[in-house]
Amino acid sequence: MQPLTRPKMIDTGVHTSDLKDGGHRVVSVGRTPLMLLRTGDRIEAMDSRCPHMGYPLTKGTVEEGILRCHWHHWRFDVQSGGCFTAGGDDVPTYDVEVDEEGSIYVSETPRGSTAESTTRHAWTRMEEGIRENRSFLRARSLVTLAGEGVTPEAMADHAARIALLYSRAGVSSGLVVLTAVLNVLDEVPLELEQRVLGLVHALRHIAGDISARTPKRPELRLPEPGPGRARLQTWFLDFLEERETAGAERCLRTLLYDEGTVEEALRWLLLAATRHVFLSTGHVLDFLNKARELARHLESEPATVTEVLVGMLQPIADGFRHEEDLDWQELLPLLEEAESAPSVAPPLTVHVLLGDDPGAIAQSLAGAFHQGTPVADLARVQAEAAVRRLGRFPVANADDWDAVHHLVTNANGVLGLAEALGGRDPETDRALYRAVLHSAFYGYLNRFLNLPRHYLPGENRAVARPDDPTVTRHRWIEAMANGQTDAAAARAAELLTLSSAAHVEETWVRAVWREDAGFHAMQALDAALSLERRLGTQLDGPWPLLAGIRFTTAQRDRRLVQWETETAFKLARGEHLVDPE
């Protein structure tokens, strides 16, 4: 007799006589291992891997039509695959047909499965994974979405909206990491698994930011007729000065209701953020630049861009104002003097910004600015000084790594804002100039962290060309894994004599992302790659890369994120997590 010919039905090669009551067999349909399970006269087919963590359901037990997985005790209806465990996911089940000779056929795809339903389910699970901080659920959802061709920008848009809806802090570490990952994906060629791994990192940080179980209530734009643009800006700045975010939000939403106002909104936020000294140890301007970059990544989603920019109000309002800090008191008169052009000013050089004379720092920056030097050029010199401060940081001061790291991320943020907004109008340029001044003075206040001075490879000795790049690369990764900052930088410098910077950058991204990278490590990776591109032509060596490699090596951590992402891909490829029967 000819076998049944049914659309999308696959011959499993199993006969009913091969299955006794309560018995099972595992077969493969495409890339998916299926369990054929016999209960009485019925034969059921389901994915043999538990949807929780992928462990084999063949090791479970069936009682009264309910299968229990013994790893975490999730329970499933063997007929429909429905999960009875709170927060659990259903296991995919397949249609079964038996021909007259007893041969068993199963459908090619799960019941009710379409590309649309698969994607919709993944979006739902991704949101649950973020809100409920379930890491493996996030990883599996991203792998599924990537497999369905969803772009990183679309995933980022969805994640950003969740973050801003449920976080009371607005733009914070999670969205900064998300933007950093998108920047890396734009600049560094990576395979699909590495690209998804970066997004898994970002969603882990976003989940850590979620602070509310209920959605945040947004303010509305002002009703018509609204005030003029100048008055609206004045109100906006005054509200933030008083830390009144609700009023500022209504003003900002009123502005953003008009098309083409994103740049002006960024300008308003910049003006507010530079009214005070070095808000929150420089984080606010770094975050504002990340909001700008995220808005660029998501420019096709104007509603999300609006929420991102509104999300900057809380960091600005809550930011610590360093003019209230005792350490800054001696510098405040110099900041005030720098608002006017000095009669005599030393030339602006990195050497001056790295020096011990705060008056010379203020005068050199003031002289350059008031003589018409573009603010982006001022920001580039300060960014170079910041990179050299980080590169010269000695491990003897290890407790203070974060202080010089904050200098670099702030300088990178100021440079990004200066390149995007500088040269538009005098008020914006003056705000950017103040941001550069604050960054330079923060570097001055932490100058002692470069004592004793550390030298990067190539500064005081030649860098050797490696005999075997593969061995050198292995030693570099090993040094990073062991927290050996100087050895890691030395091996990376050796590779840079032979390999392109892009190849070295790819290896570095892999090394950082294989760990459960912390917020600062993800920031530093992005900032160093950004500054290498922005400053590379004016430097005498790859200082941003080498300084960043030293810092991220000091931040080494665990590798749960990588393991979960690899496991999610194994499941998507139909692989077993344990030896099959």
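Residues numbered from 1 in each chain as written. Predicted model: local features only at pLDDT ≥ 70, side-chain atom pairs only at ≥ 80, totals over all residues. Heavy atoms only, no water.

Engineer: Please clarify how the overall build of the protein chain should be interpreted in this entry.
Structural biologist: The secondary structure content of the protein chain amounts to 23 helices and 10 strands. Judged by the C-alpha coordinates and their principal axes, the protein chain covers about 100 × 70 × 35 Å. Long-range contacts, defined as pairs at least 24 residues apart, comprise 71% of the intrachain contacts of the protein chain with a sequence gap of at least 6. Roughly 24,900 Å² of accessible area belongs to the protein chain as shown, and the carbon and sulfur atoms make up 48% of that amount. (Helix = DSSP H or I, 4+ residues; strand = E, 2+ residues; numbered from the N terminus. Contact = heavy atoms within 4.5 Å. Areas by Shrake-Rupley, 256 points an atom, 1.4 Å probe, with all protein chains shown as cover.)

Engineer: Would you mind going over the sheet that holds strand S9 (residues 96-98) with me for this structure?
Structural biologist: Whenever strands of a sheet pair, they do so through backbone hydrogen bonds, lying parallel or antiparallel. Reading across from one edge, S1-S10-S9 is the order of the three strands in this open sheet, with antiparallel pairing throughout. Where the open sheet ends on each side, the last strands, each with one partner, are strand S1 (9-15) and S9. Shown here is a sheet whose adjacent strand axes are inclined to one another by a mean of 30°, direction ignored. The pairing of S1 with strand S10 (residues 103-107) spans four bridges and is classified as antiparallel. Note on S10: the bridge partner recorded for Ile 10 is Val 106. (Pairing = 2+ DSSP bridges. Axes fitted to C-alpha atoms, helices over the stretch in contact; angles between N-to-C directions.)

Engineer: How should I be thinking about the nonpolar core in this particular structure?
Structural biologist: Nonpolar side chains tend to gather and get buried jointly when the protein is soluble and globular. Core analysis: the largest hydrophobic core is formed by 164 residues, its most contacted members being Phe 236, Leu 252, Trp 508 and Trp 513. When neighbours within four sequence positions are excluded, Leu 252 is seen to be in contact with Phe 236, Ala 265, Trp 268, Leu 269, Leu 309, Val 310 and Leu 313. By size, the runner-up hydrophobic cluster in this structure holds 12 residues, among which are Leu 37, Cys 50, Trp 74 and Val 78. (Core = buried A, V, L, I, M, F, W, Y, C linked by side-chain atoms within 4.5 Å. Buried < 20%, exposed > 50% of the residue type's maximum accessible area, 1.4 Å probe, protein only.)

Engineer: Explain the side chain of Asp 209 here, please?
Structural biologist: Within the secondary structure layout, Asp 209 lies in helix H5 (residues 192-209). With no salt bridge to any partner, buried Asp 209 finds its closest opposite charge in Arg 204, at an N-O distance of 11 Å. Contact partners of Asp 209, with chain neighbours within four places excluded, come to Ser 167, Ser 172, Ser 173, Gly 174 and Leu 175. (Lys, Arg positive; Asp, Glu negative; His and termini not counted. Salt bridge = Lys/Arg side-chain N within 4 Å of Asp/Glu carboxyl O.)

Engineer: Please explain the side chain of His 205 as it appears in this structure.
Structural biologist: Among the structural elements, His 205 can be located in helix H5. A relative accessible area of 11% means that His 205 is categorised as buried. Here Arg 204 takes part through its side chain, which lies 3.5 Å from a polar atom of the side chain of His 205. Separated by 3.1 Å, the side chain of His 205 and the backbone oxygen of Ala 517 make a polar contact. Discounting chain neighbours no more than four positions away, the residues touching His 205 are Gly 174, Val 177, Ala 517, Gly 518, Phe 519 and Met 522. (Polar contact = N/O pair within 3.5 Å; in protein donor to acceptor, adjacent residues only side chain to side chain.)

Engineer: I would appreciate a short explanation of helix H14 (residues 358-370) in the present structure.
Structural biologist: Each turn of an α-helix holds 3.6 residues, which means side chains three or four residues apart point in the same direction. For H14, which comprises 13 residues, the first-to-last C-alpha distance of 18 Å matches the rise-based estimate of 18 Å (1.5 Å per residue) to within 8%. Along H14, the residues that are buried comprise Pro 358, Gly 359, Ala 360, Ile 361, Ala 362, Ser 364, Leu 365, Ala 366, Gly 367, Ala 368 and Phe 369. Packed against the buried residues of H14 are helix H12 (332-337), helix H13 (350-353), helix H15 (375-391) and helix H17 (426-445). Its side-chain oxygen at 2.9 Å from the backbone nitrogen of Gly 359, Asp 357 defines the N-terminal cap of H14. (Expected span 1.5 Å × (residues − 1).)

Engineer: I keep staring at the packing of aromatic side chains and nothing clicks. Help me out?
Structural biologist: Each aromatic ring pair is described using two quantities: the centre-to-centre distance and the angle formed by the ring planes. A full pass over the atoms with the stated rule returns nine aromatic pairs. What links up through ring pairs into an aromatic cluster is the set Phe 278, Trp 328 and Tyr 442. The cationic tip of Arg 221 hangs over the ring face of Tyr 257; the distance from NZ or CZ to the ring centre is 3.5 Å. Sitting above the plane of the Tyr 444 ring, Arg 447 keeps its charged end 4.0 Å from the centroid. (Phe/Tyr/Trp six-rings, centres within 6.5 Å; stacked < 30°, edge-to-face > 60°. Lys NZ or Arg CZ within 6 Å of the ring centre and 35° of its normal.)

Engineer: What is the right way to read the pairing of strand S4 (residues 42-47) from this model?
Structural biologist: Every regular strand shows the same layout, with side chains that alternate between the two sheet faces. Most of S4 is tucked away: five of the six residues are buried. Both strand S3 (residues 32-39) and S4 contribute to a ladder of six bridges, which runs antiparallel. Residue pairing across strands places Thr 39 opposite Arg 42, the latter belonging to S4. From the end of S3 to the start of S4, which pair antiparallel, there are two residues, and Gly 40 there has a positive phi angle of about 70°. Relative to strand S8 (residues 93-94), S4 is paired through two bridges, and the arrangement is antiparallel. When the bridges of S8 are listed, Ala 45 appears paired with Tyr 94.

Keep in mind these numbers describe shape, not what the thing actually does.
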